[in-house]
Amino acid sequence: MGKGMGGVLSRRKREEVPSAGATSAPAEPTAAAASAGAPAETATPAAPAASEPAAAPKAATEAGKTPASTAEPEPEPASSGATMSHDYTLKPHPTIPAPEGPVMICILDGFGENEYKDEFNAVHVANTPTIDALRQVPNRFRTIKAHGTAVGLPSDADMGNSEVGHNALGSGQVVDQGARLVDIALETGKMFEGNGWKLISEAFATNTVHFIGLLSDGGVHSRADQLVGCLRGAAARGAKRIRCHILTDGRDVPDGSSVKFVEDLEAELASLREKGCDARIASGGGRMKVTMDRYEADWSMVKRGWDAHVLGKAPRTFTDAKTAVVTLRGPEDAPVSDQYLDPFVIVDETGAPVGTVQDGDAVVLFNFRADRMVEISKAFEYPDFAVFDRERVPQGLRFVGMMQYDGDLKLPANFLVPPPEILHVSGEYLVKNGISTFACSETQKFGHVTFFWNGNRSGYLDAKMEQYLEIPSDKIEFNQAPDMKAREITAASREALLSGKYKVVRVNFANPDMVGHTGDLAATIRACETCDACVKELLQVVDSVNGRWLVTSDHGNADDMVQRDKKGKPLMGEDGKPLALTSHTLAPVPIFVGGKGLPEGVVFKQGDAEAGLANVAATTFNLLGYEAPEIYKPTLVEVKTA
Ligand SMILES: O=C(O)[C@H](O)COP(=O)(O)O
Ligand SMILES: [Mn+2]
Ligand SMILES: [Mn+2]
């Protein structure tokens, strides 16, 4: 549910890379990461060099792995409409000269410009002198759209998120995204005609079909109504036995809503049972504790998921899922959040798990978004998977993803709906025109500024021209350490900017988003203040080398920390305390342009209220002294002559 939408449960009622299947150790930081925080003189990021290619990001190291099975060729994926034979030559901009120094693009993740400017807007309340001053610079501050159809989502009731936001920022184009493609596949029935569906249907008569994914209507990773569409489709086509393995949300939707989502799913499963399909919930757990890790931040989450969903093992067992969720949430006045529920397994009256995964079963991961499905996909699909001991590996599985989550790794090999194909991303233009890039974030957002930015390609576009740096994230709830790794990211980016080796420096600060998702207002205010201090430092560094910069965000989050009614009035709980809003918002995001190396006449154009994140890439090319590619959404800047 999008922040600022009011209400609680109606839908519309209402984020690489990565991974290294063979080791659970976090990626070794490069020299820059290891020395981040050290004095500037000693910290030097590894530079791309022809003789010594930069280490590939984690996912690229996986490319040689053999999937358990291969797919029949799937239909052409949805694409940005650009053609395959493509001229990447960039033309010099007629009036904006190339800069002397680098161009920095700084993403403050989850930092929206919200209409509600009250005590629940952490962006507004935080002491942010740098950003405040940037807002005052005439014609160099504006807002841009970051949600809904502006980023390829089904409707303008859909809040933005990191995946679609970074796709738009990095590709300069708006492409129908996973949520929309699955809607279309269900509406047209194409879902049930593809090779992925054919594969799972082989198990309908004799085996169990398992559905594993995030149970909510958040529309960021999955949607419950799409799960229902698949369940009904399977039952109607002869599936005899269905088991659902549910991950509770409370992050893209209000905390506590998991109980209602379980009730609704139970009602649906009951009606399937009436029609003769043995359909039940079999296991589950909170999305931030079970299964849905990303970028290898914490593989133990995936092991907990494997144990519960596949082996039927969890510390707690229950005879029904609602009791499981209510019990695991604990006391109403101090509940465990839906995001962090322990894993659970549903058992029958004899204590036996009702839905372990057996040889020959079908398994569907029903999330459309990639980042938090890559690791569990590897556990299912890679025969030589060794990150943790799977104990028992079901044989002959018919395993599919809602989409193919990583097109480079072909992971999973089989899928229900072809993923969006995002062509001719800005990084391809850069590397093909000899423009070097440094991209940096901490683990939680590392894939955002690499994988998502590059149109869901894992690995480097050209390792000789690019350096990607991941600073390992803490493994705690981020309100406990709201500074996260912002200082380390700043130190490493500072070195990259000063090194003279990069023309583009791309940075993502995770704080406003990751702390905002905890619902902790005070910590989120602190997160915004930390980012402001880091932005100040980086802008000074860019100025010191006569560079140029863009500061923006990918969607809202920290800008509204309370649930509201339809009129925008904050909602209070029975205890009189504000009801925290943990999700993203529908707010537009700010964008600031500047730098000592930017000619005075370069300002944001007037008008074009519809401009969104996809307009940023063209703007960046202009700052680099080039005309934007014609297939891109138009630039945000113009040159005013005195
Ligand atoms: O995966 C998450 O953490 C949330 O569902 C969405 O956040 P993101 O889009 O900012 O990653
Ligand atoms: Mn984000
Ligand atoms: Mn987020």
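What counts and what doesn't
- Every chain begins its residue count from 1, and numbering advances along the sequence as written.
- As a convention, the first chain written is A and the first ligand written is 1, with the rest following in written order.
- Per-residue local features of the predicted model are confined to residues with pLDDT of at least 70, and side-chain atom pairs are confined, for both listing and counting, to 80 or more; whole-chain, interface and lining totals are unaffected and use all residues.
- Hydrogen atoms and water are omitted, and side-chain values are computed over all heavy atoms in the structure.
- UniProt positions are given in the numbering used here, feature names are shortened, and annotations may be inferred rather than shown by experiment.
- Secondary structure elements are taken from DSSP: a helix is a run of H or I of four residues or more, a strand is a run of E of two residues or more, and numbering for both begins at the N terminus.
- To qualify as a nonpolar core, a set must consist of buried Ala, Val, Leu, Ile, Met, Phe, Trp, Tyr and Cys residues joined through side-chain atoms within 4.5 Å.
- Relative accessibility decides the category of a residue: with a 1.4 Å probe and only protein chains considered, values under 20% of the type maximum give buried, values over 50% give exposed, and everything between is partly exposed.
- Whether two residues are in contact is decided by their heavy atoms: any pair within 4.5 Å suffices.
- Shown as donors are all N, O and S atoms within 2.8 Å of a metal ion, widened to 3.2 Å for Na, K and Ca; because water is not in the atom set, sites may appear incomplete.
- Every definition here rests on a 1 Å grid over the protein atoms only: cavities are sets of points where a 1.4 Å probe fits but cannot get out, pockets are open sets enclosed by protein on both sides within 12 Å along at least five of seven lines, and lining residues have some atom within 4 Å of a point.
- Grid points are joined across faces, edges and corners, and a volume is the space filled by probe spheres set on the points.
- Paired strands, as defined in this entry, are two strands with at least two bridges between them according to DSSP.
- Orientation is described by lines fitted to C-alpha atoms, with helices fitted over the stretch in contact, and by angles between N-to-C directions that extend from 0 to 180 degrees.
- On a range of 0 to 100, pLDDT expresses the predictor's confidence in each residue.

As named in an unreviewed UniProt entry, the protein chain is phosphoglycerate mutase (2,3-diphosphoglycerate-independent), taken from Astrephomene gubernaculifera. The record in UniProt for the protein chain states the following under Cofactor (unreviewed entry): "Mn(2+)". In its Pathway (unreviewed entry) section, UniProt records this for the protein chain: "Carbohydrate degradation; glycolysis; pyruvate from D-glyceraldehyde 3-phosphate: step 3/5."

## Section: the UniProt feature "domain: BPG-independent PGAM N-terminal" (unreviewed entry) in the protein chain
UniProt records the feature "domain: BPG-independent PGAM N-terminal" (unreviewed entry) for residues 183-406 in the present numbering. Within the segment residues 183-406, helix and strand shares are 32% and 18% respectively, and the terminal C-alpha atoms sit 20 Å apart.

## Regarding the nonpolar core
Membership of the largest hydrophobic core comes to 83 residues, with the highest contact counts inside it found for Met191, Phe211, Ile242 and Met402. Counting residues per element, this core draws most heavily on helix H8 (residues 258-274), at six residues. If near-sequence neighbours (up to four positions away) are discounted, isoleucine 242 is found in contact with Thr208, Val209, Phe211, Leu231, Ala234, Ala235, Cys277, Asp278, Ala279 and Arg280. Residues Ile144, Leu550, Phe604 and Leu623 belong to the second largest nonpolar core, which totals 37 residues.

## Considering the coordination of the manganese ion (ligand 2)
At 1.9 to 2.1 Å from the manganese ion (ligand 2) lie its protein donor atoms, namely Asp109 (OD), Ser162 (OG), Asp554 (OD) and His555 (NE2). Written as a sequence motif, the donor arrangement for the manganese ion (ligand 2) is D-x52-S-x391-D-H. Between the manganese ion (ligand 2) and the manganese ion (ligand 3), a separation of 4.5 Å is found. Residue aspartate 109 is located in the loop between strand S1 (103-108) and helix H2 (122-125), and its partner serine 162 is located in helix H4 (residues 162-171); the two are separated by 53 residues in the primary sequence. The pair formed by aspartate 109 and serine 162 is uniform in burial state, with each residue classed as buried.

## A closer look at the coordination of the manganese ion (ligand 3)
Only Asp513 (OD), Asp513 (OD), His517 (NE2) and His584 (NE2) from the protein coordinate the manganese ion (ligand 3), and they sit 2.1 to 2.3 Å from it. Taken in sequence order, the residues that donate to the manganese ion (ligand 3) follow the motif D-x3-H-x66-H.

## Some points on the layout of surface pockets
Estimates place the volume of the largest pocket at around 1200 Å³. Contributing to the lining of the largest pocket are 37 residues, with Asp255, Arg329, Glu332, Pro335 and Leu579 lying nearest its centre.

## Focus on the sheet that holds strand S2 (residues 141-144)
Taken in spatial order, the seven strands make up an open sheet running S2-S15-S14-S1-S13-S11-S12, and their pairing is mixed. Each end of this open sheet is capped by a strand with a single partner; those strands are S2 and strand S12 (466-471). The average undirected angle you get between the axes of adjacent strands in this sheet is 15°. Strand direction decides the pairing type here: S2 and strand S15 (residues 589-594), joined by four bridges, are antiparallel. Directly across from arginine 142, in S15, lies its bridge partner isoleucine 591. Relative to the sheet, helix H18 (residues 616-623) contacts S1, S2, strand S14 (548-552) and S15, its axis offset from that of S14 by approximately 165°.

## Some remarks on the pairing of S15
Burial of S15 is extensive: six of the six residues sit out of reach of the surface. Burial of S15 is two-sided: the residues Val589, Ile591 and Val593 facing one way and the residues Pro590, Phe592 and Gly594 facing the other way are all buried. Two strands pair when backbone bridges link them, and S14 and S15 are joined in this way by three bridges, in the antiparallel orientation. Within S15, the position partnered with valine 551 by the bridge is phenylalanine 592.

## Let's talk about the environment of isoleucine 422
Within the element layout of this structure, isoleucine 422 appears in the loop between strand S10 (415-417) and helix H12 (426-432). It is 12 Å that separates the C-alpha atoms of isoleucine 422 and valine 151, two residues lying 271 residues apart in sequence.

## Here's the deal with the confidence of the model for the protein chain
Here the protein chain averages 90 in pLDDT, and 87% of its residues register 70 or above. Ignoring residues within four places in sequence, the model shows residues 1-74, a span with pLDDT below 50, making 219 contacts including any to other chains. The complex prediction reports pTM at 0.90, with the ipTM value standing at 0.99.

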